[in-house]
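# Working through the structure, step by step
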Amino acid sequence: QVQLVESGGETVQAGGSLRLSCAASGRTSFGSYTMAWFRQGPEEEREFVGAISSGSTYYEDSVKGRFTISRDNAKNTLYLQMNSLTPEDTAVYYCAAVGITSRVRWTTEYDYWGQGTQVTVST
């Protein structure tokens, strides 16, 4: 089993920045896992934000150039640096993990999920 705990969500003004963290624990070879961030706004489906796998990164189009996903394998931690935030980025952000997958954008691929952290971007 793998446990994921997100942190760093808060209310920020439009144009601001936040860094989310996801700490992994349990039976994990963290460095070999595909790790991802998803988000879910009010009354919306959960959507892909970004992923990191085998040294490659992937992003949803609306966050490209604004968000950066990274990982520190020594600390078993995944990060999401979010810049130039807009109200449309308001959502609960979830961290997800799976042993390996090429279908990084699919929620159904992931075995482990965190509880989520709320990001609110005000005007």
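This report concerns the structure included in the present document.

How each quantity is defined
- Residues numbered from 1 in each chain as written.
- Predicted model: local features only at pLDDT ≥ 70, side-chain atom pairs only at ≥ 80, totals over all residues.
- Heavy atoms only, no water.
- Disulfide = S-S within 2.5 Å.
- Helix = DSSP H or I, 4+ residues; strand = E, 2+ residues; numbered from the N terminus.
- Buried < 20%, exposed > 50% of the residue type's maximum accessible area, 1.4 Å probe, protein only.
- Contact = heavy atoms within 4.5 Å.
- Phe/Tyr/Trp six-rings, centres within 6.5 Å; stacked < 30°, edge-to-face > 60°.

With that settled, the discussion passes to the state of the cysteines. All chains considered together, the criterion is met by one disulfide. The side chain of C22 participates in a disulfide bridge whose partner is C95; the two sulfur atoms lie 2.0 Å from each other. Its S-S torsion of approximately -70° makes the covalent link between C22 and C95 left-handed. With C22 in strand β3 (residues 18-26) and C95 in strand β9 (residues 91-98), this residue pair connects regions lying 73 residues apart in the sequence. For the residue pair C22 and C95, the accessibility class agrees, reading buried in each case.

Time to look at the side chain of S53. Tracing the sequence through the fold places S53 in strand β5 (residues 47-53). S53 sits in the buried class, given a relative accessible area of 6%. Excluding anything up to four places from it in sequence, S53 contacts T34, Y58, I100 and T101.

Using the criterion set out here, one finds four aromatic pairs in the structure. Aromatic side chains F38 and F48 sit 5.7 Å apart centroid to centroid with 75° between the ring planes, which places their arrangement in the edge-to-face category. Placement of the pair is F38 in strand β4 (residues 34-40) and F48 in strand β5, with a sequence separation of ten residues. In this structure F38 comes out as buried when scored by relative accessible area, which is 0%. Given a relative accessible area of 7%, F48 falls into the buried group. When the ring of Y110 is compared with that of W113, the centres are 6.1 Å apart and the planes differ by 70°; the resulting orientation is edge-to-face.

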